[in-house]
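Descriptive structure summary
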Amino acid sequence: MSTTFTMRIDEGQKTLISEYAAAHGQSMADFLINSALEIIEDATDLRDWNEAYEEYKADPVTYTLDEVMEEFGMR
């Protein structure tokens, strides 16, 4: 199900966004939605990376690919 979202932007911003989206074969709506989702994905990836790095710093043990494959009976 889709919904309508309205936002106010000045004419210069609208023109800039509209022309950029058109140059990349997108509607303004698709461009704005994709841009917002990409920002959210990047923020989520960064959060996950920071959590994984903190976990690694607490226990900096690493394994080679061969060790992992051996552990799971893949070799």
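Bear in mind the structure is a predicted one, so any value in this text is a computation, not a measurement.

**Considerations on the packing of aromatic side chains**
Counting across every chain of the model gives three aromatic pairs. These aromatic residues form a ring-pair network of at least three members: Trp49, Tyr53 and Tyr56.

**Let's talk about a nonpolar patch on the surface**
A contiguous nonpolar surface patch, about 570 Å² in accessible area, is contributed by Val61, Tyr63, Val68, Phe72 and Met74. With respect to the helices, strands and loops of the structure, Val61 is situated in the loop between α2 (28–58) and α3 (65–71).

**A short note on the packing of helix α1 (residues 11–23) against α2**
At a minimum axis separation of 8 Å, α1 and α2 run at an interaxial angle of 90°. On the basis of their axis angle, the class for α1 and α2 is roughly perpendicular. Across from Lys14, Ile17, Ser18, Tyr20 and Ala21 in α1, the residues of α2 making contact are Met28, Phe31 and Leu32. Along the lines of polarity and charge, the residues of the contact of α1 with α2 split into six nonpolar, one polar and one charged.

**Comments concerning a negative patch on the surface**
Taken together, the side chains of Glu38, Glu41, Asp42 and Asp45 present a region of like negative charge at the surface. Mapped onto the secondary structure, Glu41 falls in helix α2.

**Notes on the pattern of salt bridges**
For the structure shown, the criterion picks out four salt bridges. For the salt bridge of Glu54 with Lys57, the shortest nitrogen-to-oxygen distance reads 3.2 Å. Here Glu54 pairs with Lys57, and both are found in helix α2, just three residues apart, close to one helical turn. Overall, Glu54 belongs to the partly exposed group, its relative accessible area being 46%. Judged by relative accessible area, Lys57 falls into the partly exposed class, the value being 45%.

**Quick word on the confidence of the model for the protein**
For the protein, per-residue confidence averages 96 on the pLDDT scale, and residues scoring 70 or more make up 100% of the total. Per-element confidence in the protein is highest for α1, whose mean pLDDT is 98, and lowest for α3, whose mean pLDDT is 96.

**Details of α1**
Over its 13 residues, α1 extends 18 Å from the first C-alpha to the last, a length consistent with the 18 Å expected when each residue adds 1.5 Å. The residue sitting at the N-terminus of α1 and contributing the capping side-chain oxygen is Asp10; that oxygen lies 3.0 Å from the backbone nitrogen of Gly12. After α1 finishes, the residue Gly25 shows a positive phi value of roughly 70°.

Cut-offs applied
Residues numbered from 1 in each chain as written. Predicted model: local features only at pLDDT ≥ 70, side-chain atom pairs only at ≥ 80, totals over all residues. Heavy atoms only, no water. Phe/Tyr/Trp six-rings, centres within 6.5 Å; stacked < 30°, edge-to-face > 60°. Patch = residues over 30% accessible without salt bridge, like charges linked within 9 Å, V, L, I, M, F, W, Y side chains within 5 Å. Areas by Shrake-Rupley, 256 points an atom, 1.4 Å probe, with all protein chains shown as cover. Salt bridge = Lys/Arg side-chain N within 4 Å of Asp/Glu carboxyl O. Helix = DSSP H or I, 4+ residues; strand = E, 2+ residues; numbered from the N terminus. Axes fitted to C-alpha atoms, helices over the stretch in contact; angles between N-to-C directions. Parallel < 35°, antiparallel > 145°, perpendicular 65-115°, else oblique. Contact = heavy atoms within 4.5 Å. Nonpolar A, V, L, I, M, F, W, Y, C, P; charged D, E, K, R; others polar. Lys, Arg positive; Asp, Glu negative; His and termini not counted. Charge placed at Lys NZ, Arg CZ, Asp CG, Glu CD. Buried < 20%, exposed > 50% of the residue type's maximum accessible area, 1.4 Å probe, protein only. pLDDT = per-residue confidence, 0-100. Expected span 1.5 Å × (residues − 1). Polar contact = N/O pair within 3.5 Å; in protein donor to acceptor, adjacent residues only side chain to side chain.

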